[in-house]
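A structural walkthrough
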Amino acid sequence: MSIPHLIGYSVLTLAVWKLVRRQASRKANALDVAGPENEHWWKGNMESVFVDSFERCLKIAADYGGAIKIHALFGDEWLFVSDPRALHHVLVKEPHIFEEVDDFILSNKLVFGDGLISTLGEQHRKQRKMLNPVFSISNMRELLPIIQTISHQLKSILVSNLAIHHPVELDVLPWLSRSSLDCICEGMLGYHSAALDAGNENEYTEALRMLGPSISKTMIFRSIVPVVMRNFSLYWCKKIADWLTISWLPTQTMRDLRELRRVAETMDSGSRKILQEKKAALAMSSSMPSQSHDTSGGTRGKDIMSIMLKANASSAEGDRLSDAELLGQMNVMIFAGLETTTAAVARALYMLAKHPHVQQQLRAEICDAATAHQAVDVDHSHAKDCFGSVRLPYDSLMNLPLLDAVVRETFRLYPSLPVLGRRTTSATSVPLQFPVRSVSGKEITTISVAKHQALVISILNANHNQAVWGEDASEWKPERWLNSTQAGVKDGVRYTGVYSSMMTFLAGNRSCIGFKFAEMELKDVLATLVSDIHFALPSEPDENGYVKEIYWKMSGFHTPVVKAPAGDSETPHLPLSLRLIRE
């Protein structure tokens, strides 16, 4: 036998041996918990559970409970979890055993750098220690005037498209996205993006707007990233990226990958420039303390990045973040705050349009608060906009009962990120609050899991759990937050999320650090728009005689589209009927 033949047979034998070992390991460590039947020999249940699957996710939870076996790719089994005790165990009690999956961490590192969603262990702990105080309520209070300026500009743009005496149908989604981008850039980075000035877009802001869609289109490559990064040097990783993104590969998938690389490189370059400018401005203000620092756009150093840089400079050397880590935080803040907040504002306006009686009550509450504030604001410290609307101070805005209820209920029912992944670092067990069935049908309250077991945290199912939220858990009912101080608590059982006992912003040491900013932004945008504009669902036929019906696709994020035949069911759109409120 020749050497080449010997090598070939050896490689084939090794491959077969590894495949047999892998199958034997799967059988030995099979999950003993019930779940839906395997639907495909290599795709398993992946399409039905994770592709536009809002109703499907809720159904399997209703059928099987808070811990379910899902058949993944090529015979893998995943534990699909939404039980409250299980999530507390995974996210709060034993997070070091249930870590973020490799493809999530390493893919994020490639796109964003060393930010919070790209790090583990001690590095992640150090970053959170630095960032937690930065997102304090006192800092949010200082940021509100920045957000209010952007919200009022958004209202001016929408009103400019309206008629005086009749409603006008308008796709509000592009403007909500631009508004969210301005809030992130101005509030988080202290960068004057001017995204609401449609003709003023530059390469950096264009890249930021394309980041979320580009990531969604290239999710297929995530599973490849850990294999490449763990087996090749940085030099060869870059070479492989070069080969994968060469222009002569004509498929749409490769074009999407090339676009993601361009967007990531443009974002990185722009963020580096902003970081260096802010560090130079901080050094100058330190050497000349009598001169206050004014960042671009007039935020005067009150943005999150300026606060973080000051905190970092004054920290002990061992606690300081490197420039690479600071850059990573910038990129992560942009991504985490842009698509998620846009989706939340869009969904809230849609739900208010769908429930006009709630919208009317909310408008009355906002107007009453503005009138009450005017009566005591003798020094006119909170200016009016061109419509005569008052800018409410932070405490007034955040404590409006119905506004708070609308925001909470929207965040609960429609979490921007429906699922997250984890993988075990050692064999362990997962305790359950509510019993489920084993494969044999036996009732169980604990599930044994092997080392490297994949878990899927279903934020969506947790927030719709009837055992915690009641039989009306899947209904949008803001009044649940007004009628009870125990919303989200049933028979003493609750979720341990960082926000209102829901899992939208997670729990534990990897919970969303910017949820106070997201809550404030959503409340201010709603208070600003609803006070002067009435929103309704489309009701007039288009030129082809079709009335637009809005459908929310769940593919990574919740995205509104227009169903066929009036739309293509693919392109993001949120057409609403807008009417100016006349006194």
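Here's what I pulled together on the structure shown here.

**What to know about the overall build of the protein chain**
Each helix and strand in the protein chain was counted, giving 20 helices and 14 strands. A compact globule built from 583 residues should have a C-alpha radius of gyration of about 25 Å, and the protein chain, at 25 Å, falls within 12% of that. Along the first, second and third principal axes, the C-alpha set of the protein chain runs to 90 × 60 × 55 Å. Here the protein chain, with 583 residues, has 50% of them falling under the buried criterion. The contacts in the protein chain between residues at least 6 apart in sequence include a share of 72% that link residues at least 24 apart. Counting every atom, the protein chain has about 27300 Å² of accessible surface; 56% of that belongs to carbon and sulfur. Where the 61 positive side-chain charges of the protein chain centre and where its 64 negative ones centre are 6 Å apart.

**Regarding the packing of helix α7 (residues 137-160) against helix α8 (residues 173-189)**
Where α7 meets α8, the axes come as close as 10 Å, and the angle between the chain directions of the two elements is 160°. Considered as vectors, α7 and α8 are oriented roughly antiparallel to each other. Seen from above, α7 lies across α8 with right-handed handedness. Between α7, through L143, I146, I147, I150, L154, I157 and L158, and α8, the contact on the second element is made entirely by W175, L176, S179, D182, C183, E186 and G187. Here the contact of α7 with α8 is built from residues that sort into 10 nonpolar, two polar and two charged.

**Brief notes about a nonpolar patch on the surface**
A cluster of nonpolar side chains, W41, W42, L73 and F74, forms an exposed patch at the surface whose accessible area comes to about 470 Å². With respect to the helices and strands, the residue W41 is situated in the loop between α1 (3-28) and α2 (46-50).

**With respect to the pattern of salt bridges**
Any two side chains of opposite charge can pair, given that their charged atoms come close. A full pass over the atoms with the stated rule returns 30 salt bridges. When the shortest N-O distance is used, the salt bridge between E122 and R125 registers 2.5 Å. One end of the pair, E122, and the other, R125, are both in helix α6 (residues 121-131), three residues apart, so they sit about a helical turn from each other. A relative accessible area of 41% places R125 in the partly exposed class. Residue D323 is joined to K279 by a salt bridge in which the shortest nitrogen-to-oxygen separation is 2.8 Å. Here K279 lies in helix α12 (residues 252-287) and D323 lies in helix α14 (residues 323-354), a separation of 44 residues in the sequence. Note on D323: relative accessible area 35%, which makes it partly exposed.

**As for the sheet that holds strand β2 (residues 77-81)**
Overall, mixed pairing links the five strands, which are arranged β1-β2-β8-β5-β3 in an open sheet. A strand with exactly one partner marks an edge of an open sheet, and here the two such strands are β1 (67-71) and β3 (98-99). Both β3 and strand β5 (residues 419-424) contribute to a ladder of two bridges, which runs antiparallel. Looking at the pairing, F98 lines up with T424 of β5. Each of β1 and β2 is contacted by helix α3 (residues 54-64), which is oriented at about 125° to β1, the strand it contacts most. Sheet strands in contact with helix α4 (residues 84-93) are β2, β3, β5 and β8 (454-458), and its direction is about 115° off that of β8.

**Here we look at the packing of aromatic side chains**
Going through the model one piece at a time under the given rule, you end up with 15 aromatic pairs. Between F112 and F335, the ring centres sit 5.0 Å apart and the planes meet at 35°, which makes this aromatic pair tilted. Here the residue F112 occupies a position in helix α5 (residues 102-112), and F335 occupies one in helix α14, the gap between them amounting to 223 residues. Here F112 falls in the buried class, since its relative accessible area comes to 2%. For F335, a relative accessible area of 16% puts it in the buried group.

**A few points about the side chain of D83**
Within the secondary structure, D83 sits in the loop between β2 and α4. Despite its burial, D83 remains without a salt bridge, the nearest opposite charge being carried by R85 at 6.0 Å. A polar contact of 3.1 Å, which involves the side chain of D83, links it to the backbone nitrogen of A86. Among residues more than four places away in sequence, those in contact with D83 are G66, P431, L432, Q433, F434 and Y495.

**Overview of the sheet that holds strand β4 (residues 168-171)**
Ordered by their spatial adjacency, three strands build an open sheet running β4-β14-β11, and the pairing between neighbours is antiparallel. For this open sheet the edge positions go to β4 and β11 (533-536), each flanked by a neighbour on one side alone. Adjacent strand axes in the sheet meet at a mean angle of 40° when their direction is disregarded. In this sheet, strand β14 (residues 575-580) lies alongside β4 in antiparallel orientation, the contact comprising four bridges. Looking at the pairing, E169 lines up with S577 of β14.

**Considering the nonpolar core**
Judged by nonpolar contacts, the single largest core of 152 residues is most densely connected at L79 and I447. Considering every element that reaches this core, the biggest residue donor is α14, with 17 residues. For I447, the contacting residues outside a window of four places in its chain are L31, V33, A67, L79, T428, S429, V430, L432 and V436.

**Notes on the pairing of strand β12 (residues 550-555)**
Both β12 and strand β13 (residues 557-562) contribute to a ladder of six bridges, which runs antiparallel. Residue pairing across strands places M554 opposite H558, the latter belonging to β13. In this antiparallel pair of consecutive strands, β12 and β13, the connection spans one residue, and G556 shows a positive phi of 85°.

**Some thoughts on the environment of S426**
Residue placement: S426 occurs in the loop between β5 and β6 (428-437). Between the C-alpha atom of S426 and that of F98, which follows or precedes it by 328 residues, the distance is 8.6 Å. Discounting residues that sit within four places of it in the chain, S426 has contacts with I97, A450 and K451.

**Some remarks on α3**
Listed as buried for α3 are F54, C57, L58, I60 and A61. Along the long axis of α3, the arc covered by the buried residues comes to 165°, so they all point the same way. Every exposed residue of α3 that faces more than 90 degrees away from the buried side is listed here: E55 and A62. In the segment just after α3, G65 is the residue with positive phi, at about 100°.

Parameters and conventions
- Residues numbered from 1 in each chain as written.
- Predicted model: local features only at pLDDT ≥ 70, side-chain atom pairs only at ≥ 80, totals over all residues.
- Heavy atoms only, no water.
- Helix = DSSP H or I, 4+ residues; strand = E, 2+ residues; numbered from the N terminus.
- Rg over C-alpha atoms; globule rule 2.2 N^0.38 Å.
- Buried < 20%, exposed > 50% of the residue type's maximum accessible area, 1.4 Å probe, protein only.
- Contact = heavy atoms within 4.5 Å.
- Areas by Shrake-Rupley, 256 points an atom, 1.4 Å probe, with all protein chains shown as cover.
- Lys, Arg positive; Asp, Glu negative; His and termini not counted.
- Charge placed at Lys NZ, Arg CZ, Asp CG, Glu CD.
- Axes fitted to C-alpha atoms, helices over the stretch in contact; angles between N-to-C directions.
- Parallel < 35°, antiparallel > 145°, perpendicular 65-115°, else oblique.
- Left-handed = near helix turned anticlockwise from the far one by under 90°.
- Nonpolar A, V, L, I, M, F, W, Y, C, P; charged D, E, K, R; others polar.
- Patch = residues over 30% accessible without salt bridge, like charges linked within 9 Å, V, L, I, M, F, W, Y side chains within 5 Å.
- Salt bridge = Lys/Arg side-chain N within 4 Å of Asp/Glu carboxyl O.
- Pairing = 2+ DSSP bridges.
- Phe/Tyr/Trp six-rings, centres within 6.5 Å; stacked < 30°, edge-to-face > 60°.
- Polar contact = N/O pair within 3.5 Å; in protein donor to acceptor, adjacent residues only side chain to side chain.
- Core = buried A, V, L, I, M, F, W, Y, C linked by side-chain atoms within 4.5 Å.
- Arc of directions from axis to C-beta.

Read these as geometric descriptors, not functional statements.
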